[in-house]
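If you want the building blocks of each chain, they are given just below.
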Amino acid sequence: GLIIHQSVVHLVASIKWLERGCVVVFIAGKRKPLVLVGVHGHSSIQAEDTIAMISKAVQESCPVPQRDLMVVGDFIIDMKAKFMHDELCNSLDLGIEADLLQNYAASQGLDVALPSVVSCTPLEDPAFSYIPITRVPTGNLVGRQAPSLIDYALVSRYLLQDIRAHWEVSDSDHACLV
């Protein structure tokens, strides 16, 4: 789904639905257009496919080279190792998919912005107390998957003051990013 606050709905120039997400273009006067991409990766789709989908959607929705871009959602690429405190985890590479995502972000002048705060986490495990967990497996996935940090944003730092994950507004296995 898509929720646009009523105070900015009049700035929406277009909305385009994707197979696994959407693109919203906001235009405010003479400012650069803001292209907001909401994405939901899928475990059977490789990072390259998700990045290609994002890139194509942005070009088709707002071909203007001078634009601001923000990509928010579930990228399926777990970044929790960035917060692990033991030496083994710190020495581990996040993997080729994380590298591809970070390279794409850099090519667009964006940073990978991870949540700084997670409120009302449904986990009681102290091992995750300092990690901004945004997905907790439910149902038959509990024994097969670990809690993860797969929801975040790619954004220009000047556009973003803070990104937070809230569980109290979400009735699913993912936190809501605000």
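Given the structure is predicted, the values throughout are model-derived calculations rather than measurements.

Let's shift gears to the overall build of the protein chain. If you tally the helices and strands in the protein chain, you get 3 helices and 9 strands. In sequence order, the protein chain lays out its α and β elements as β-β-β-α-β-α-α-β-β-β-β-β. Across the 178 residues that make up the protein chain, the buried fraction comes to 39%. Residue pairs at least 24 apart in sequence account for 59% of intrachain contacts in the protein chain once pairs closer than 6 positions are excluded.

Turning our eyes to something else, we now look at the sheet that holds strand β3 (residues 34-40). Reading across the sheet, the 6 strands line up as β1-β2-β3-β4-β7-β5 and stay open at both edges, with mixed pairing between neighbours. Edge positions in the open sheet fall to β1 (12-18) and β5 (111-113), since each of these has one partner strand only. Averaged over neighbouring strand pairs, the angle between their axes works out to 15° when direction is ignored. Where β1 lies against strand β2 (residues 21-26), 6 bridges are found, and the strand directions are antiparallel. Residue pairing in the sheet places Val12 in a bridge with Phe26 of β2. On the sheet, helix α3 (residues 96-107) packs against β4 (68-74), β5 and β7 (151-155) and is oriented at approximately 30° with respect to β7.

Our next topic: the pairing of β3. Of the two faces of β3, the one lined by Val35, Val37 and Val39 is fully buried and the one lined by Leu34, Leu36, Gly38 and His40 carries no buried residue. Sheet analysis places β2 next to β3, joined by 6 bridges and oriented antiparallel. Pairing of Val24 across the sheet is with Leu36, part of β3.

As a further point, take the environment of Arg157. In this structure, Arg157 sits in the loop between β7 and β8 (164-166). Setting aside anything within four residues of it in sequence, one finds Arg157 in contact with Asp111, Val112 and Ala113.

Counting all residues, the mean pLDDT for the protein chain is 78, and 79% of those residues have values of 70 or more. In the predicted structure, residues 86-92 sits below a pLDDT of 50 and forms 5 contacts with residues beyond four places in sequence or in another chain.

Now for the pattern of salt bridges. Side-chain pairing between opposite charges can occur once the charged atoms of the two side chains come close. A complete count under the given rule lists 3 salt bridges for this structure. For Lys16, the salt bridge goes to Glu60, with nearest N and O atoms at 2.4 Å. Here Lys16 is found in strand β1, whereas its partner Glu60 is found in helix α1 (residues 47-61), with 44 residues between them in sequence. Given a relative accessible area of 46%, Glu60 falls into the partly exposed group. Through salt bridges that share partners, Lys16, Lys56 and Glu60 make up one connected network.

Basis of the calculations
- Residues numbered from 1 in each chain as written.
- Predicted model: local features only at pLDDT ≥ 70, side-chain atom pairs only at ≥ 80, totals over all residues.
- Heavy atoms only, no water.
- Helix = DSSP H or I, 4+ residues; strand = E, 2+ residues; numbered from the N terminus.
- Buried < 20%, exposed > 50% of the residue type's maximum accessible area, 1.4 Å probe, protein only.
- Contact = heavy atoms within 4.5 Å.
- Pairing = 2+ DSSP bridges.
- Axes fitted to C-alpha atoms, helices over the stretch in contact; angles between N-to-C directions.
- pLDDT = per-residue confidence, 0-100.
- Salt bridge = Lys/Arg side-chain N within 4 Å of Asp/Glu carboxyl O.

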